[in-house]
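Listed below are the residues making up each chain.
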Amino acid sequence: MISDGDYFIIKTPTGDNGKSQMLDLEGIFPKIQPLYLEIGSGKGEFISSYSIQNPAFNILGLEAASKRINNTLKKLSPDRHPNVRLMRVFVDESIKDIFPAESVSGVFIQHPDPWPKRKHHRRRLIQPGFLNALAHILKPDAQIQISTDHSGYAAWILEEFLANPCYISVFDDPLRQQSTFEDHITTWFEAEQRRQGFDPQFMLFKRI
Ligand SMILES: C[S@@+](CC[C@H](N)C(=O)[O-])C[C@H]1O[C@@H](n2cnc3c(N)ncnc32)[C@H](O)[C@@H]1O
């Protein structure tokens, strides 16, 4: 019998030189259907629910921490989540070496680490190089939903996306207090931050 880990976890392909190689997307999911990414999938509340709500999408969770991947595995079963896979990877601009050009239909980034100290801002996920790499792998019109409860990072994210000619905000008022989804899925981190009085802001961008 295969364990859930064997079923759900895919290894980042690496070449002899140790560098990331392109994924063979057709070999990963049982069905070929639009691919969505969740970057920093955390404990898996979102990916385990969204995949059931959207069986016609394939969803790949990219998460740097093994512990978080293990938390997510506890919420998944092969019969209910055939359209989910997980990859342990630290996402940065090398994402363009893993996914083919124009292969991704949408991205979710919920509560990316804000790195609040100025000297740590360079560690933030949202950087010009990353946004260019993301634009490369996204299909035209693909949407990127981002939420954060850190107002400084929200302003940073907005500035970086709007400075990049590959993206526009879907809404005229780009920083929203309400989720841009009707069927919003509250993650563990969102619930915890709300409890402490830090409400998230939501943004929705489109690859043009
Ligand atoms: C604040 S938590 C939010 C988790 C989840 N999205 C949620 O809303 O509950 C940030 C998550 O992103 C992961 N993470 C941070 N930087 C990452 C990166 N560059 N690549 C992949 N995962 C990352 C962390 O390990 C952590 O699980």
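What you are looking at is a predicted structure, and each value in this text was computed from that prediction instead of being measured.

K.L.:
Would you explain the overall build of the chain in this entry?
P.N.:
Scanning the chain from N- to C-terminus turns up six helices and seven strands. Taking 17 Å as the expected radius of gyration for a compact globule of 208 residues, we find that the chain reaches 16 Å, a close match to that expectation. Taking the principal axes of the C-alpha coordinates as reference, the chain spans close to 50 × 40 × 35 Å. Put simply, the chain has 208 residues, and 33% of those count as buried.

K.L.:
Mind showing me how you'd approach the nonpolar core here?
P.N.:
Soluble, globular proteins show a tendency: their nonpolar side chains are buried together. Ranked by size, the top nonpolar core spans 42 residues in total, and within it L37, I95, V104, V107, L134 and I137 carry the most contacts. In terms of residues, this core owes the most to one element, helix α4 (residues 128-137), which gives five residues. Setting aside its immediate chain neighbours within four residues, L37 contacts L60, L62, V104 and V107.

K.L.:
Quick question: what am I supposed to make of the sheet that holds strand β3 (residues 84-88) here?
P.N.:
Two orientations exist for strands paired in a sheet by backbone hydrogen bonds: parallel and antiparallel. Spatial ordering of the open sheet is given by β3-β2-β1-β4-β5-β7-β6, a layout of seven strands whose pairing is mixed. Taken across any chain shown, the strands that pair with only one partner, and hence form the sheet edges, are β3 and β6 (167-169). Averaged over all pairs of adjacent strands, the angle between strand axes in this sheet comes to 20°, irrespective of strand direction. Taken together, the three bridges between β6 and strand β7 (residues 201-207) define a ladder with antiparallel strand orientation. Its bridge partner being in β7, I168 is matched across the sheet by K206. Sitting on the sheet, helix α3 (residues 66-73) touches β2 (58-63) and β3, and the angle it makes with β3 is about 165°.

K.L.:
How should I be thinking about the site of the ligand in this particular structure?
P.N.:
Taken together, 18 residues sit near the ligand, with G40, G42, V91, T187 and F189 positioned nearest. For the shell around the ligand, the elements supplying multiple residues, two or more each, are β2 and α6 (188-195). Tallying contributions element by element places α6 first for the shell around the ligand, with three residues. Grouping the amino acids of the shell around the ligand by side-chain chemistry returns nine nonpolar, five polar and four charged.

K.L.:
I'm lost on the environment of P55 in this one. Help?
P.N.:
Mapped onto the secondary structure, P55 falls in the loop between α2 (45-53) and β2. Sequence separation between P55 and A142 is 87 residues; the distance between their C-alpha atoms is 18 Å.

K.L.:
Could you clarify how one ought to interpret unusual backbone geometry in this entry?
P.N.:
Excluding glycine, residues mostly carry a negative phi; peptide bonds, for their part, are mostly trans. Even without being a glycine, H111 presents a positive backbone phi close to 55°. Mapped onto the secondary structure, H111 falls in the loop between β4 (104-110) and α4. In this structure, D141 takes a positive phi of about 75° despite not being glycine. Exposure remark for D141: the 10 C-beta atoms within 10 Å place this residue in the exposed category.

K.L.:
Hey, could you run me through α2 in this one?
P.N.:
Helical geometry: 3.6 residues make up each α-helical turn, so side chains three or four residues apart lie on a common side. Within the sequence span of α2, burial applies to E45, F46, I47, S48 and S51. Elements that come into contact with the buried residues of α2 comprise β1 (35-39), β2, α3, β3, β4 and α6.

K.L.:
How should I be thinking about the environment of Q33 in this particular structure?
P.N.:
Considering the arrangement of structural elements, one finds Q33 in the loop between α1 (4-8) and β1. Along the backbone, Q33 and F57 are 24 residues apart, and their C-alpha atoms lie at a distance of 5.7 Å. Among residues more than four places away in sequence, those in contact with Q33 are A56, F57 and N58.

K.L.:
So what exactly am I meant to see when it comes to the pairing of β1 here?
P.N.:
Side-chain positions along a regular strand alternate between the two faces of the sheet. Across the five residues of β1, five count as buried, placing the element largely inside the fold. Residues L35, L37 and I39 point to one face of β1 and Y36 and E38 to the other, with burial holding for every one of them. Summarising the sheet, β1 and β2 pair through five bridges and their orientation is parallel. Counterpart to L35 in the pairing with β2 is N58. In the classification by handedness, the crossover that spans β1, the intervening α2 and the parallel β2 is right-handed.

K.L.:
Quick question: what am I supposed to make of the pairing of strand β5 (residues 138-148) here?
P.N.:
Both β4 and β5 contribute to a ladder of six bridges, which runs parallel. In the sheet register, F108 faces β5, and the bridge partner there is Q145. With α4 bridging β4 and its parallel neighbour β5, the resulting β-α-β unit is right-handed.

Thresholds applied
Residues numbered from 1 in each chain as written. Predicted model: local features only at pLDDT ≥ 70, side-chain atom pairs only at ≥ 80, totals over all residues. Helix = DSSP H or I, 4+ residues; strand = E, 2+ residues; numbered from the N terminus. Rg over C-alpha atoms; globule rule 2.2 N^0.38 Å. Buried ≥ 20, exposed ≤ 12 C-beta atoms within 10 Å, placed from the backbone. Core = buried A, V, L, I, M, F, W, Y, C linked by C-beta atoms within 7 Å. Contact = placed C-beta atoms within 7 Å. Pairing = 2+ DSSP bridges. Axes fitted to C-alpha atoms, helices over the stretch in contact; angles between N-to-C directions. Near = placed C-beta within 6 Å. Nonpolar A, V, L, I, M, F, W, Y, C, P; charged D, E, K, R; others polar. Right-handed = clockwise from strand over helix to strand, strands pointing away.

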